[in-house]
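Chain residues, written in single-letter form:
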Amino acid sequence: MTKFWRVNENMDSTISGMLGSSEGVGSFVISLDTELAWGRLNHRDLEEYEERFILARDGIKWLLETFEEFSVPATWAMVGHLFLEECSVDSDGVRHPELVRPTYDWMEGDWYQLDPATNQVESPEFYGVDILRDILASSVAHEVGSHSFGHIRFGDLGCSRAAAAADLEYCQQLAGQWEIELDSFVFPQDRIGHLEVLDKVGFMTYRGVLPGALPGHGISRLSYLASCLLGLPAPVGLPRIAYGKLIDVPLSMHLRHDKPISSTAGFVPMAAKTRRALGGLRLAASRAEVFHLGLHPIDFGWNGEGIRKALRSILSKAQDLSDQGELELSTMREVARAFQNVPGG
């Protein structure tokens, strides 16, 4: 069991009196937003990403092989629809009628209207049973977590409590059919909401966002861009009790594929992103805290040479720090359990 905190009675109660200790070690966590076409559903621009969807499985295969090479476990947060091999419409032509729909004012029509309601052979970008099997078959003890069933935005006003509950309960139901216990949750697009529902349906932990990890989270877009361009170390932090028994294992940074120049990440060279991640690893080791890296598997297929090289550098450094006894390589579930097992956690 990972142990990298000690009790400090003077610490703020929001993190349950835990403080990184020089006597312990830090932890490196990777979570993967595993979504295929579902990650673009709200944009309604699936045709533009067709080639990326086709090559996504190549990226996932490379990730699994590379994690095995470096003996690094990860939390694969999967969209629940990927647990299906097929689906269909009901007698009224409705897709997934058991689900309460979100009603966002920025989107017209039914959230699931682009679901092909076919099967993995005809529409592989919407189904992922083969991906799930490959993760479970890996020689590395990966964790399968949840990224919601349909990639709905929990933190937007159009997502009611009922919609959130229906989505999460269906995820747990589908996972149970695979004898998978879903403990960790990654919010689509990091839009956090309905923590009370997450806690109620049995999740242990979720991925929050550290100040400075993303623009708008304790840092302006301009300051965030400057820190990324300079390759300054990504923020590190500690778990905290967020709601009930629900534990936040917050994000330090996303490592994303080069994007269009219109996005913040599009201005940042991959070399600077790599320096930012390596600095976060060193910081986590020196402070005995957590460096939590977010990845999107779709980035590692189409035109993925640059980001693959970057991740190999990061994993190599993490492995070195682990071999030196300065860093644990952990899943979100393992970090949360370690937090629970420390007095005051």
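As shown above, the structure is provided for reference.
Residues numbered from 1 in each chain as written. Predicted model: local features only at pLDDT ≥ 70, side-chain atom pairs only at ≥ 80, totals over all residues. Heavy atoms only, no water.

(A) Fine view of the packing of aromatic side chains. Enumeration according to the criterion identifies 16 aromatic pairs in this entry. On the numbers, 5.8 Å between centres and 15 degrees between planes, the contact of tryptophan 62 with phenylalanine 300 is stacked. Remark: phenylalanine 300 occurs in the loop between strand 11 (290–295) and helix 7 (305–323) and tryptophan 62 occurs in helix 1 (residues 50–70); sequence separation between them is 238 residues. Taking relative accessible area as the criterion, tryptophan 62 reaches 13% and is therefore assigned buried. The buried category is assigned to phenylalanine 300, whose relative accessible area is 0%. Measuring from centroid to centroid gives 5.5 Å for phenylalanine 185 and phenylalanine 203, while their planes differ by 70 degrees, and the two rings are edge-to-face. Separated by 18 residues along the polypeptide, phenylalanine 185 in strand 6 (residues 184–185) and phenylalanine 203 in the loop between helix 4 (195–200) and strand 7 (205–206) bring together distant segments of the chain. Overall, the relative accessible area of 0% leaves phenylalanine 185 in the buried class. (Phe/Tyr/Trp six-rings, centres within 6.5 Å; stacked < 30°, edge-to-face > 60°. Helix = DSSP H or I, 4+ residues; strand = E, 2+ residues; numbered from the N terminus. Buried < 20%, exposed > 50% of the residue type's maximum accessible area, 1.4 Å probe, protein only.)

(B) Representation of the nonpolar core in the model. Grouped together as the largest cluster of nonpolar side chains are 85 residues, with contacts concentrated most on Phe28, Ile30, Phe67, Trp76, Phe291, Leu293 and Leu311. Considering every element that reaches this core, the biggest residue donor is helix 3 (residues 161–177), with 9 residues. Setting aside residues no more than four positions away along its own chain, phenylalanine 67 makes contact with Ile30, Leu32, Val72, Ala74, Trp76, Val140, His142, Leu295, Leu311 and Leu315. Core analysis: the next-biggest nonpolar cluster, separate from the first, contains 11 residues, Val29, Ile247, Val335 and Ala336 among them. (Core = buried A, V, L, I, M, F, W, Y, C linked by side-chain atoms within 4.5 Å. Contact = heavy atoms within 4.5 Å.)

(C) Quick look at the pattern of salt bridges. This model, assessed by the stated rule, comprises 13 salt bridges. Here arginine 333 ties to glutamate 143 by a salt bridge, and the two come within 3.8 Å at their closest N and O atoms. With a gap of 190 residues between them, arginine 333 in helix 8 (residues 332–341) and glutamate 143 in strand 5 (residues 143–146) connect regions that are remote in the sequence. For arginine 333, a relative accessible area of 18% translates into the label buried. Using a relative accessible area of 1% as the deciding quantity, one classes glutamate 143 as buried. (Salt bridge = Lys/Arg side-chain N within 4 Å of Asp/Glu carboxyl O.)

(D) Fine view of the packing of helix 6 (residues 270–287) against helix 7. The geometry of helix 6 relative to helix 7 is characterised by a closest axis approach of 10 Å and an angle of 15 degrees between their N-to-C directions. In this view, helix 6 runs roughly parallel relative to helix 7, as classed from their interaxial angle. The chirality of how helix 6 crosses helix 7 is right-handed. Here Met270, Thr274, Ala277, Leu278, Leu281, Arg282 and Ala285 of helix 6 come into contact with helix 7, specifically with Gly306, Ile307, Ala310, Ser313, Ile314, Lys317, Ala318 and Leu321. (Axes fitted to C-alpha atoms, helices over the stretch in contact; angles between N-to-C directions. Parallel < 35°, antiparallel > 145°, perpendicular 65-115°, else oblique. Left-handed = near helix turned anticlockwise from the far one by under 90°.)

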